[in-house]
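# Topology and contacts: notes
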Amino acid sequence: MAKLILSMDGLVLKEIPLLKERMSIGRKAHNDIQIDNMAISGEHAAVVTILNDSFLEDLNSTNGTLVNGQSVKKHFLKDGDVIELGKYKMKYLAVSVAPGETPDYDRSMLFQSGPLPDVATLGDPMVAAAGGRPLSAAVSAASPPAAAIQLLSGSNAGRELLLTKTLTTLGKPGLQVAVIARRPHGYFLTHVEGATFPTVNGQTLDAQAHRLEDHDVIEIAGVKMEFFIKA
C-alpha cells in the first residue's frame, strides 16, 4: 500500500497510508490529512490513488504545491517524490511491485500531459479518451460483464462508449473530471477533479468510489449518460 511520510525540518511527524481513493490535504479539520498551519490552504491538495498508482492535484491553493522543488497543478507521483506544502514535506512511497510485474492499465488514460476528454465531444469508442491515442488492451483476467455508457444529452446524444479498458476518463478539465474503473467485481465511478462531484440517479457522490448498477444515470460536467450492462 502506498503511503506518505509527513515531516518538517527533517523531523518525521507521521506516516500516512493512502487508504482511500481520494485523500484531501489542508488546514481545515474535515481534510483526510490536516496540517494546521496558516501557510496551508483550507483545502490545499488531494492525492488520488487508483490501483497501484497515485497522482497529486493542487486545489488552487494560495501558496501552491511543489514536487521535488517544482510547482505543480497535477503530478503523477513516483516512488520517492517529495511533496512540499509550506514548511512541510511529504515523501511518497509507492506500493511495491513484484519484478517483471507491470500495472494493468495505460497511465496515459488518466495522467496524460494533454487535455482530458470532453464528454460532449467523445470520438470513436475504440480510440482512447486520452487525446485520441490508442488504448492498451490490458484487461483483468477476471472480468466483469461487458458494459457501456450512452450519452443522453449534448451534441453527441445517443453515442455509446464501450467500457472495455481498465480506466475510462470522462469530463471537462478545469470543471469536472471523473473516471470509471473496470474491476473484476464491477464498474466503479470516482471523482477526480472539480469542486462539484458527479451525480448518479440524481444523488451527489462523495470522494469514495461508487459501484455502478445497470441503467444508472450519471451526470458529469453537465452531460447526462446512462451506464448499462451489454446483453
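Since the structure is predicted, the reported quantities are computational estimates derived from the model, not experimental observations.

## Quick look at the overall build of the protein
The helix and strand inventory of the protein stands at 1 helix and 21 strands. Partitioning the contacts of the protein with sequence separation of at least 6, the portion at a separation of at least 24 is 43%. Carbon and sulfur atoms make up 52% of the accessible area of the protein, which totals about 11,200 Å².

## Details of the sheet that holds strand β18 (residues 203-204)
The strand order across the open sheet built from 6 strands is β13-β12-β21-β20-β17-β18, with neighbouring strands paired in antiparallel fashion. Each edge of the open sheet is held by one strand with a lone partner, namely β13 (160-162) and β18. Alignment of strand β17 (residues 199-200) against β18, held across 2 bridges, turns out to be antiparallel. Bridging from a neighbouring strand, Val200 pairs with Gln203 of β18.

## A short note on the nonpolar core
Counting 21 residues, the largest nonpolar core has Leu4, Ile25, Leu56 and Ile83 as its most contacted members. By residue number, the principal contributor to this core is strand β11 (residues 88-93), which donates 3 residues. In this structure, Leu56 is in contact with Ala45, Ala46, Val47, Thr65, Val67, Val72, Lys73, Lys74, His75, Leu77 and Ile83, ignoring residues within four places of it in sequence. By size, the runner-up hydrophobic cluster in this structure holds 19 residues, among which are Leu170, Ala178, Tyr187 and Phe227.

## Here's the deal with the pairing of strand β20 (residues 217-220)
Covered by surrounding structure in β20 are Ile218 and Ile220 only, the residues Val217 and Glu219 on the alternate face being uncovered. One ladder, built from 2 bridges, connects β17 with β20; its direction is antiparallel. Note that in β20 the partner of Thr199 across the bridge is Glu219. Judged from the 4 bridges that link them, β20 and strand β21 (residues 223-229) form a sheet pairing that is antiparallel.

## Description of the environment of Thr169
Along the polypeptide, Thr169 turns up in strand β14 (residues 167-172). Residue classification places Thr169 among the buried positions, given a relative accessible area of 0%. For the pair Thr169 and Leu189, spaced 20 residues apart in the sequence, the C-alpha separation amounts to 9.7 Å.

## As for the environment of Thr204
Looking at where Thr204 falls in the secondary structure, it is placed in strand β18. Taking the C-alpha atoms as reference points, Thr204 and Ile218, separated by 14 residues in sequence, lie 9.8 Å from one another. Residue contacts for Thr204: discarding those within four places in its chain leaves Phe197, Pro198 and Thr199.

## As for unusual backbone geometry
Working note: non-glycine residues mostly have negative phi, and peptide bonds are mostly trans. Residue Asn68 is not a glycine yet carries a positive backbone phi of 55 degrees. Among the residues examined, Asn68 registers a relative accessible area of 44% and is labelled partly exposed.

## A look at the pairing of strand β5 (residues 45-50)
Taking burial as the measure, the 6 residues of β5 include 6 buried ones, the bulk of the element. Neither face of β5 is open: one carries Ala45, Val47 and Thr49, the other Ala46, Val48 and Ile50, and all of them are buried. Inspection of the sheet shows β5 paired to strand β6 (residues 53-58) by 6 bridges, in the antiparallel sense. In the strand pairing of β6, Ala45 is matched with Asp58.

## Some points on the confidence of the model for the protein
Looking at the protein, the pLDDT average stands at 77 and 78% of residues meet or exceed 70. Below pLDDT 50 for its whole length, residues 97-141 participates in 83 contacts with residues either more than four positions away or in separate chains.

## So, the sheet that holds β14
Read across the open sheet, the 4 strands follow the order β14-β15-β16-β19; overall the sheet is antiparallel. Across the chains shown, the open sheet's two edge strands, defined by having one partner strand only, are β14 and β19 (210-211).

## So, the side chain of Glu57
Here Glu57 lies in strand β6. In this structure, Glu57 is buried with no salt-bridge partner, the nearest side chain bearing the opposite charge being Arg22 at 5.0 Å. Contact partners of Glu57, with chain neighbours within four places excluded, come to Ala45, Ala46, Lys73, Lys74, Val192, Glu193 and Gly194.

Conventions used here
Residues numbered from 1 in each chain as written. Predicted model: local features only at pLDDT ≥ 70, side-chain atom pairs only at ≥ 80, totals over all residues. Heavy atoms only, no water. Helix = DSSP H or I, 4+ residues; strand = E, 2+ residues; numbered from the N terminus. Contact = heavy atoms within 4.5 Å. Areas by Shrake-Rupley, 256 points an atom, 1.4 Å probe, with all protein chains shown as cover. Pairing = 2+ DSSP bridges. Core = buried A, V, L, I, M, F, W, Y, C linked by side-chain atoms within 4.5 Å. Buried < 20%, exposed > 50% of the residue type's maximum accessible area, 1.4 Å probe, protein only. pLDDT = per-residue confidence, 0-100. Lys, Arg positive; Asp, Glu negative; His and termini not counted. Salt bridge = Lys/Arg side-chain N within 4 Å of Asp/Glu carboxyl O.

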